[in-house]
Amino acid sequence: MECGAAGGFSEEQFREACAEIQQRAPAGANWELLVETLGFSIYGLLDQTGLYEYKVFGVLDDCPPALLADVYMDLDYRKQWDQYVKELYEKECNGETVVYWEVKYPFPMSNRDYIYIRQRQELDVEGRKIHVVLAQSTSVPQFAERPGVIRVNQYKQSLAIESDGKKGSKVFMYYFDNPGGQIPSWLINWVAKNGVPNFLKDMAKACQNYLKKT
């Protein structure tokens, strides 16, 4: 299917993710530490609409950077290990890859879906190899909204990965989306305290199984 997606990512956006991974905590006084778990520190910045932006810092042991980036980029494999994926696939759109992603939400809430672009780069920063993946929502007419599913039009994620000096990966992740509709506060809290850590834990486990698969 051909479609017309505009946009992309600047070199500066990749460099910003590289700069973040060198920090142990976000710059700026308004970020609050929400939880420390499984070797990760998860920070939140509450915006005026009551939604959080998240920044995550930590280490995934026994999961090398290139492998972790491969697992993160492999959408078919993600359908096997991410229990919240309802549908996930990509299409080439005028030289850019556009991803369709439907996420299962707990009953009685409607599922959400996303249309986004993503890019991966390997950067050399003063002799250190850093893998960076950027993603952000886009809009293309070929992906019409579906009945009973709420379209997420504001989504942004960045992931930076480098070696921890051993067999694992040092990781930085930024995440924001506006899921629309009425989201109960318990679910917002659950995402911060459980959803993000569980995703990282599942991804680490997926790395081990990926090695067995290949």
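Residues numbered from 1 in each chain as written. Predicted model: local features only at pLDDT ≥ 70, side-chain atom pairs only at ≥ 80, totals over all residues. Heavy atoms only, no water.

- Per an unreviewed UniProt entry, the protein chain carries the name Phosphatidylcholine transfer protein and comes from Acinonyx jubatus.
- Recorded in UniProt for the protein chain, the comment headed Subcellular location (unreviewed entry) runs: "Cytoplasm". (UniProt positions renumbered as here; feature names shortened; annotations may be inferred.)

1. Looking at the layout of surface pockets
And then number 1: The computed volume of the largest pocket comes to approximately 730 Å³.
And then number 2: For the largest pocket, the lining is made up of 31 residues, of which V103, Y175, D177, W190 and V191 are closest to its centre.
And then number 3: When contributions to the lining of the largest pocket are tallied by element, the ones reaching two or more residues are β3 (52–60), α3 (75–81), β5 (96–103), β10 (169–177) and α4 (185–213).
And then number 4: The element that contributes the greatest number of residues to the lining of the largest pocket is α4, accounting for 10 residues.
And then number 5: Counted by class, the lining of the largest pocket contains 22 nonpolar, 4 polar and 5 charged residues. (1 Å grid on protein atoms, 1.4 Å probe; cavity = no way out; pocket = protein on both sides within 12 Å on 5 of 7 lines; lining within 4 Å. Points joined across faces, edges and corners; volume = space filled by probe spheres on them. Helix = DSSP H or I, 4+ residues; strand = E, 2+ residues; numbered from the N terminus. Nonpolar A, V, L, I, M, F, W, Y, C, P; charged D, E, K, R; others polar.)

2. Describing the UniProt feature "domain: START" (unreviewed entry) in the protein chain
And then number 1: Taking the numbering used here, the UniProt-annotated feature "domain: START" (unreviewed entry) corresponds to residues 31–212.
And then number 2: Helix makes up 24% of residues 31–212 and strand 47%, whereas the separation of the span's terminal C-alpha atoms amounts to 39 Å.

3. Re the state of the cysteines
And then number 1: This structure, assessed with the given rule, holds 1 disulfide.
And then number 2: There is a disulfide in this structure between C63 and C207, and the S-S distance comes to 2.5 Å. Of this pair, C63 sits in the loop between β3 and α2 (65–73) while C207 sits in helix α4, placing them 144 residues apart in sequence. With respect to class, C63 is no different from C207; both count as buried.
And then number 3: Note on C18: no disulfide assigned, nearest cysteine sulfur contributed by C63 at a separation of 18 Å.
And then number 4: A relative accessible area of 2% places C18 in the buried class. (Disulfide = S-S within 2.5 Å. Buried < 20%, exposed > 50% of the residue type's maximum accessible area, 1.4 Å probe, protein only.)

4. Notes on unusual backbone geometry
And then number 1: Following F107, the chain continues into P108 via a peptide bond in cis, with omega recorded as 10 degrees.
And then number 2: Located in the positive-phi region is L38, a residue other than glycine, with phi close to 55 degrees.
And then number 3: Relative to the helices and strands, L38 resides in the loop between β1 (32–37) and β2 (40–46).
And then number 4: Overall, L38 belongs to the partly exposed group, its relative accessible area being 48%.
And then number 5: At D62, a residue that is not glycine, the phi angle is positive and equals roughly 55 degrees.
And then number 6: Here D62 falls in the partly exposed class, since its relative accessible area comes to 48%.

5. Side note on the side chain of D113
And then number 1: By the secondary structure assignment, D113 is in strand β6 (residues 111–125).
And then number 2: Of the polar contacts made by the side chain of D113, one reaches the side chain of Y100; its length is 2.9 Å.
And then number 3: For D113, the side chain forms a polar contact with the side chain of R151, separated by 2.7 Å.
And then number 4: Ignoring sequence-local partners within four residues, the contact set of D113 consists of Y100, W101, E102, R146, V149, I150, R151 and V152. (Polar contact = N/O pair within 3.5 Å; in protein donor to acceptor, adjacent residues only side chain to side chain. Contact = heavy atoms within 4.5 Å.)

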